[in-house]
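Report on the structure
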Amino acid sequence: NEQIVLAKRPEGIPGDDIFRFEETEVQEPAEGEVTVKSIYVSVDPYMRGRMSAGKSYTKPFEVGAPMGGHVVGKIEKSNAEGFEEGKYVKGIMGWQRYATVPADHLSKISNTELPLHLYLSTLGMPGQTAYHGLLKIGKPEKGETVVVSAASGAVGSVVGQIAKIKGARVVGIAGGDEKTKYLTETLGFDASVDYKSDDFGEQLEDALSEGVDVYFENVGGPVSDEVFKHLNKFSRIVVCGAISAYNNPSEDIGPRIQSTLIKTQTLMQGFIVGNYADDFENADRQLSEWINEGKIHTEVSIDEGFENLPSAFRKLFDGSNFGKQIVKVADE
Ligand code: NDP
């Protein structure tokens, strides 16, 4: 059984030397456990935080132990009632070809008519993040302007589409022509702005003639500094992520917008998706409905091959992923 462990803690973007491939035995499932064959493995920006030792909302990965995250797989062997072999499940598992885990840590995937990778994107953790962050903190009203950064990504794309469903005007910020065109032409955003272009500031100003009522923050850094110039009175900033700082935390000296927040009476709130677990089922139902009605479109980048997990993970930090980044490690 092949697995990928954290070989040492990274500085900057994790190179190949940070990951080590190992062979282990597949463990027999004890009472209440199942062995799952990994099929789709998710790579997510938060994993970069867990690779460092600092205190956070979740424990760091241990050096020498497998990397891990959300996985969709198939039950290969079961020692748990109600979990039949051959059925699809999702859950948090190691970066391993086979993982033996307690069945009650897994969710069953009953609707296999939808593409399975959706359970790692819109019907998984990123979709939940978008739903709760936008609707419970951002609370966009009809006609308000919602701005979202990393807008073509797993979380951002769902944020923008829910905001449209709620009748808001949506402006997406992303890197490059292909992504900004996708936002307006495929996802129906009202405007999109390329933060990598030389005139980003002017483009943003044009798109925000009515200011910003909700800013869904995914990136931090200079992108956010520009958005902060356009905050409306009583605006809300949903602080979901700050990916521009994940590989250089010492340079992240924090927001310098206190005076603006006072003048505009803006609410700025960080959040962690896990805090909304009580309402996951409800959100899941609603997101599934929107997908079935064609109101939410999901883009995925699927790299093939277990050995490509580290390189797929790095794509998140240079934007070479398009939509939710996933690695397919075995056939369905
Ligand atoms: P994405 O699918 O959006 O992939 C990451 C994207 O971030 C890249 O494609 C790139 O898009 C953009 N990016 C990378 N580096 C920079 C940079 N230096 N400046 C600006 N943009 C950059 O990832 P997710 O949707 O999975 O995650 C989005 C954010 O949400 C992350 O910050 C993540 O940590 C956060 N998050 C927070 C959760 C919570 O509970 N609070 C839960 C889940 C995610 P582009 O090409 O446009 O630059």
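Residues numbered from 1 in each chain as written. Predicted model: local features only at pLDDT ≥ 70, side-chain atom pairs only at ≥ 80, totals over all residues.

Looking at an unreviewed UniProt entry, one finds the chain named Enoyl reductase (ER) domain-containing protein and attributed to Lacicoccus qingdaonensis.

Section: the domain arrangement of the chain
Assigned domains within the chain: domain 1 (2–121 + 299–328) and domain 2 (125–274). Taken together, the contact pairs 14 residues of domain 1 with 15 residues of domain 2. Looking at the side of domain 1 that touches domain 2 residue by residue, the class counts come to five nonpolar, six polar and three charged. (Domains from an automatic or database assignment. Contact = placed C-beta atoms within 7 Å. Nonpolar A, V, L, I, M, F, W, Y, C, P; charged D, E, K, R; others polar.)

Things to note about the environment of K179
Looking at where K179 falls in the secondary structure, it is placed in helix α4 (residues 177–185). By the C-beta count within 10 Å, which is 24 here, K179 ends up buried. Considered as a pair, K179 and I302 are 123 residues apart in the sequence and their alpha carbons are 17 Å apart. Setting aside its immediate chain neighbours within four residues, K179 contacts S152, A174 and F322. (Helix = DSSP H or I, 4+ residues; strand = E, 2+ residues; numbered from the N terminus. Buried ≥ 20, exposed ≤ 12 C-beta atoms within 10 Å, placed from the backbone.)

Thoughts on the packing of helix α2 (residues 125–138) against helix α8 (residues 280–292)
α8 packs onto α2 with a crossing angle of 100° between their chain directions and a minimal axis gap of 10 Å. Classed by the angle they form, the pair α2 and α8 counts as roughly perpendicular. For the pair formed by α2 and α8, the contact residues are G127, Q128, Y131 and H132 on the first element and F280, A283 and L287 on the second. Residue classes in the contact of α2 with α8 are distributed as four nonpolar, three polar and no charged. (Axes fitted to C-alpha atoms, helices over the stretch in contact; angles between N-to-C directions. Parallel < 35°, antiparallel > 145°, perpendicular 65-115°, else oblique.)

Concerning the site of the ligand
Neighbouring the ligand are 30 residues; G153, G175, G241, S244 and G319 lie closest to it. Those elements that place two or more of their residues in the shell around the ligand are α2, α3 (154–165) and α6 (221–228). Looking at which element gives the most residues to the shell around the ligand, the answer is α3, with three residues. Counted by class, the shell around the ligand contains 16 nonpolar, eleven polar and three charged residues. (Near = placed C-beta within 6 Å.)

A closer look at the environment of A312
Residue position: A312 is located in helix α9 (residues 309–315). Judged by C-beta crowding, with 22 C-beta atoms within 10 Å, A312 ranks as buried. Spatially, the C-alpha atom of A312 lies 9.2 Å from that of S301, the residues being eleven residues apart in sequence. Discounting chain neighbours no more than four positions away, the residues touching A312 are V43, D303, Q325 and V327.

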